[in-house]
Amino acid sequence: MLSLSTVRFASRLRASRAFSTIPVVPNFISGKFTPSAATEFIDVTNPATNEVVTRVPKSTQSELEAAVASAAEAFETWSETPVQMRQRIMLDYVQLIKRDQMKIAESITLEQGKTIPDAMGDVFRGLEIVEMSSAIGHLMMGETQGNISKGIDAYSYREPLGVTAGICPFNFPAMIPLWMFPVAVAAGNTSVIKPSEKDPSAMIMLAELAQEAGLPDGVLNIVHGAHETVDFICDAPDIKAISFVGGNAAGEYIHARGTGNGKRVQANLGAKNHATIMPDADRSSVVKALAGAAFGAAGQRCMALSVVVFVGESKEWIEDVVEEAKKYKVGSGFDEDVQVGPLITPEAKKRCEDIIQQSIDEGAECLIDGRGVKVEGFENGNFVGPTVLNVPNTTNVAYTEEIFGPVLTCLSVDTLEEAIAITNSNPYGNGCSIFTTSGPAARMYQHKIDCGQVGINVPIPVPLPFFSFTGSRASIRGDLHFYGKEGVKFVTKAKTVTSNWTYKGNLGGAVMPTMGK
Ligand code: NAD
């Protein structure tokens, strides 16, 4: 149950801001939250009203340089700080994020639009990565082999890289930055984060809490902006690794530019997640799961189920999905009865509506149309209601585009093999799910499907932090995934030591060993 204060938060904030100047988010450099000297700003709007609530500076060149210099300087001492001390800061950080979870969630709902429960989940899923980071020592341990030659031992371990950077998308303004900097700094790196210019305030709150937890000045820094800031991050020689999450256009560009400059880049990109429904599945649970995964968070999740492939007779269930969609209330994320908040911008809303129209023009049957939905008191919001499109083929625009809205695109096939072939032919390989009561069908699907994250009777199979977030194909650039063991590998480099501590041994001559006997 939401507190009344939560529900009143938006109107209070709106009222107070009506009489004051719009706040500008600060940079965070060398442990100080300082206003930018920028001359250009980007408006951050409440997607439910399109009122400007915050402004983001385009951080200046000297501010960007100062952030990286601060991170490089802090690395000298932070990387020498024992891992247990870094972990203890993360443990305290966990408690502080829990304490302020609701405050952060309110800020997310204001700037991003998602409902308060979704925003609480946004913070919680990130918090779990901080929990993982508070035991990072285990994941940094290397290997040892004693006596590889007479009196000689070899061992390997992992060291931090230096300054790392994170470039974030709008859809999870707490979770995604928390995928990035806690792992990096717990491993002994320092970090420069660029939040999304659409919803930067959650990251500012997270930095305040990191400072309160005891993270030393310069270990975490925040800069703002759009493409120029991204270009700076890709080019700055002191930045050794970039974590990016966002769309394919930006991600492929950042991956190419960053790796071209010799940096490590891990980039999680777009998605078009397919569900396969077998006729032996439980009809009512499937319908509920599909609707939640397609329309929840207004479809603005990279793991949203946006395509459903009905196998055989399960195609009849489409009418139940439409009935379920009608139950979803569209409105402000602060309204506790609402399940579908607004899209992030008027442009995102228009694009979504245009794709729906084009899809219909290309032959789709629109079974429920979320265009033109009116929300009383929020007439200027970017709302699109749940929409279900039954498309005739995979060339229909609703199938080919990542819509990132509350639109479920439906296809029907006769066999599981066809459903798998369709899923595997789509360029994206982020997530997918099968719903069935057949073990053999589930096993075949799991084995043959070419997606990074597979759900079996689980609509949104996001891996918990002891695994990694394993997107594949066009949903990813780079080799090492976010968080878990792979995330730690991404922000560390291996060092292998061969040591000879024979007290008075042969320290070797000019001749290489030729045979180990
Ligand atoms: P986006 O690509 O528009 O923006 C992401 C970041 O890149 C922002 O910080 C932005 O300032 C920057 N950016 C945008 N365009 C740029 C360009 N041309 N050059 C340089 N920098 C640029 O993404 P978004 O709209 O904020 O987020 C939605 C996208 O993120 C969707 O495609 C979604 O699937 C994807 N996403 C993927 C995952 C995943 O784990 N695979 C998770 C969340 C979101």
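In this text the structure is predicted, and so the values were computed from the model without any measurement. (Residues numbered from 1 in each chain as written. Predicted model: local features only at pLDDT ≥ 70, side-chain atom pairs only at ≥ 80, totals over all residues.)

Chemist: Is there a simple way to think about the site of the ligand in this case?
Modeler: Taken together, 29 residues surround the ligand, and among them P169, G246, G247, N268 and C302 come closest. Counting residues per element, the ones that place at least two in the shell around the ligand are α9 (227–235) and α10 (248–260). Taken together, the residues that form the shell around the ligand break down as 16 nonpolar, 10 polar and 3 charged. In terms of domain composition, the shell around the ligand takes at least three residues from each of domain 1 (9–269 + 475–496) and domain 2 (273–456). (Near = placed C-beta within 6 Å. Helix = DSSP H or I, 4+ residues; strand = E, 2+ residues; numbered from the N terminus. Nonpolar A, V, L, I, M, F, W, Y, C, P; charged D, E, K, R; others polar. Domains from an automatic or database assignment.)

Chemist: Honestly, the domain arrangement of the protein chain in this entry has me stumped. Any pointers?
Modeler: Interfaces are often sized by the accessible area lost when the parts come together. Splitting the protein chain by domain gives domain 1 (9–269 + 475–496) and domain 2 (273–456). When each unit is reduced to the centre of its C-alpha atoms, the spacing between domain 1 and domain 2 is 31 Å. The interface is formed by 18 residues belonging to domain 1 together with 24 residues belonging to domain 2. Elements supplying a minimum of two residues to the side of domain 1 that touches domain 2: α1 (4–18), α4 (101–112) and α5 (116–133). The dominant element in the side of domain 1 that touches domain 2, judged by the number of residues it contributes, is α5, at 3 residues. (Contact = placed C-beta atoms within 7 Å.)

Chemist: Explain the UniProt feature "domain: Aldehyde dehydrogenase" (unreviewed entry) in the protein chain to me, please; I cannot follow it from the model alone.
Modeler: Summarizing the sequence annotation, UniProt attributes the feature "domain: Aldehyde dehydrogenase" (unreviewed entry) to residues 35–497 in the numbering used throughout. What you have in residues 35–497 is 40% helix and 21% strand, and the ends, taken at the C-alpha atoms, are 46 Å apart. (UniProt positions renumbered as here; feature names shortened; annotations may be inferred.)

Chemist: Hey, could you run me through the packing of α4 against α5 in this one?
Modeler: The relative placement of two packed helices comes down to the angle between their axes together with the axis-to-axis distance. At a minimum axis distance of 8 Å, the contact between α4 and α5 shows a crossing angle of 120°. Relative to α5, α4 is oriented oblique. The hand of the α4/α5 crossing is right-handed. Contacts from Q101, I104, A105, I108 and T109 in α4 reach I116, A119, M120, D122 and V123 in α5. (Axes fitted to C-alpha atoms, helices over the stretch in contact; angles between N-to-C directions. Parallel < 35°, antiparallel > 145°, perpendicular 65-115°, else oblique. Left-handed = near helix turned anticlockwise from the far one by under 90°.)

Chemist: How should the sheet that holds strand β6 (residues 152–160) be read in this particular structure?
Modeler: Neighbouring strands of a sheet are bound in pairs by backbone hydrogen bonds; such pairs are parallel or else antiparallel. Reading across the sheet, the 3 strands line up as β5-β6-β22 and stay open at both edges, with antiparallel pairing between neighbours. Here the strands that pair on one side only, and so sit at the sheet edges, are β5 (144–149) and β22 (492–500). For this sheet, the mean inter-axis angle between neighbouring strands, taken without regard to orientation, is 30°. Inspection of the sheet shows β5 paired to β6 by 3 bridges, in the antiparallel sense. In the sheet register, S149 faces β6, and the bridge partner there is I152. (Pairing = 2+ DSSP bridges.)

Chemist: Just checking my understanding: could you explain the pairing of strand β12 (residues 273–277) for this structure?
Modeler: Residues in a regular strand point their side chains to alternate faces of the sheet. The buried count for β12 comes to 5 of 5 residues, which makes it a mostly enclosed element. Burial along β12 is two-sided: N273, A275 and I277 and H274 and T276, pointing in opposite directions, are all buried. Examined bridge by bridge, β12 and strand β13 (residues 305–311) share 5 bridges and lie parallel to one another. Within the sheet, the bridge partner assigned to N273 lies in β13 and is L305. (Buried ≥ 20, exposed ≤ 12 C-beta atoms within 10 Å, placed from the backbone.)

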